[in-house]
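The chain contents come next:
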Amino acid sequence: MFASLLGSGHFPSLAMEEDKDGIGWMISVPIAACLLTQREVYVDSRLVPADYAGQSCWEFSFEIAVVSLDESYESFTTQDHSIAKNYIPDEVRPMVMVIVNRACSLLLNEQAPERVYFVTKGRNVPEKGLQKYWILMSTLEACGYEEIEHGTDPAGRTFWVMDRMGS
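Now for a quick tour of the structure. (Residues numbered from 1 in each chain as written. Predicted model: local features only at pLDDT ≥ 70, side-chain atom pairs only at ≥ 80, totals over all residues. Heavy atoms only, no water.)

**Brief notes about helix α2 (residues 93–111)**
Counted at 1.5 Å a residue, the expected span for α2 with its 19 residues is 27 Å, and the 28 Å between its end C-alpha atoms agrees. The set of residues buried in α2 consists of Val 96, Met 97, Ile 99, Val 100, Asn 101, Ala 103, Cys 104, Leu 107 and Leu 108. Phi for Ala 112, located one or two positions after α2, is positive at around 45 degrees. (Helix = DSSP H or I, 4+ residues; strand = E, 2+ residues; numbered from the N terminus. Expected span 1.5 Å × (residues − 1). Buried < 20%, exposed > 50% of the residue type's maximum accessible area, 1.4 Å probe, protein only.)

**A word on the side chain of Glu 63**
Structurally, the position occupied by Glu 63 is in strand β5 (residues 55–68). A distance of 2.6 Å separates the side chain of Glu 63 from the side chain of Arg 46, its partner in a polar contact. Contact partners of Glu 63, with chain neighbours within four places excluded, come to Tyr 42, Val 43, Asp 44, Arg 46, Thr 77, Thr 78 and Gln 79. (Polar contact = N/O pair within 3.5 Å; in protein donor to acceptor, adjacent residues only side chain to side chain. Contact = heavy atoms within 4.5 Å.)

**A closer look at the pairing of strand β8 (residues 145–152)**
Pairing of β8 with strand β9 (residues 157–164), which is carried by seven bridges, proceeds in the antiparallel orientation. Its bridge partner being in β9, Thr 152 is matched across the sheet by Thr 158. (Pairing = 2+ DSSP bridges.)

**Here we look at helix α3 (residues 127–142)**
For α3, spanning 16 residues, the distance from its first C-alpha to its last is 22 Å, which sits close to the expected 22 Å at 1.5 Å a residue. The set of residues buried in α3 consists of Leu 130, Tyr 133, Leu 136, Met 137, Thr 139 and Leu 140. Down the axis, α3 shows its buried residues gathered within 155 degrees of arc, on one side only. Exposed and oriented more than 90 degrees from the buried face of α3 are Glu 127, Lys 128 and Ala 142. The inward-facing, buried residues of α3 abut β5, α2, β7 (115–123), β8 and β9. Just downstream of α3, Gly 144 is the residue with a positive phi angle, here 95 degrees. (Arc of directions from axis to C-beta.)

Take a look at the structure:
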C-alpha cells in the first residue's frame, strides 16, 4: 500500500542534478512511499546525450523508479504504465505528467540543447496513450522548440525530433 508524499496544494520543488551516470541531467521527485515497507516511488526525468540519424542530440525521457531504502526489495525503474500504476496512489496519478512537464521545462531552460529527441515506450501506442506525448510536445514548444521530424523508429515506436527555434 503506497501513500502520497505530495502535500495537498503544494507542488514539490524540483532540483536538477547530474545524471547518475554523469553523462546528462536528471530531476527526481519523490511522489509516494509504501506504508508497510521501506520503498519510495519517484518520477525521474532525464536529459541525456543521444544520437539520432548520425547527428548528436539530447534525449528527454521519464520513468517511475521504485527504490527500496533498506534493500529488502529489488529497486527498479519502469516506463510501463501497467506496472507503474501499482505503485502510484490514485490521488497522485494526475500530478505525474505535471511533474514531468515542469521537469522538462527546467532541464531545457537550464541546459538549452539545440536538438531534443523523445520516443514512446511501446509500439503502436493508442491515441489515448499518445496524449501525454502531445502534452510533452506542447511543453517543448513553450520552451522554444519546434518539431522538425516525427515518425516510427526501427523498433516500431513513435518518436519526435525538435530543434530550438532560431538555431
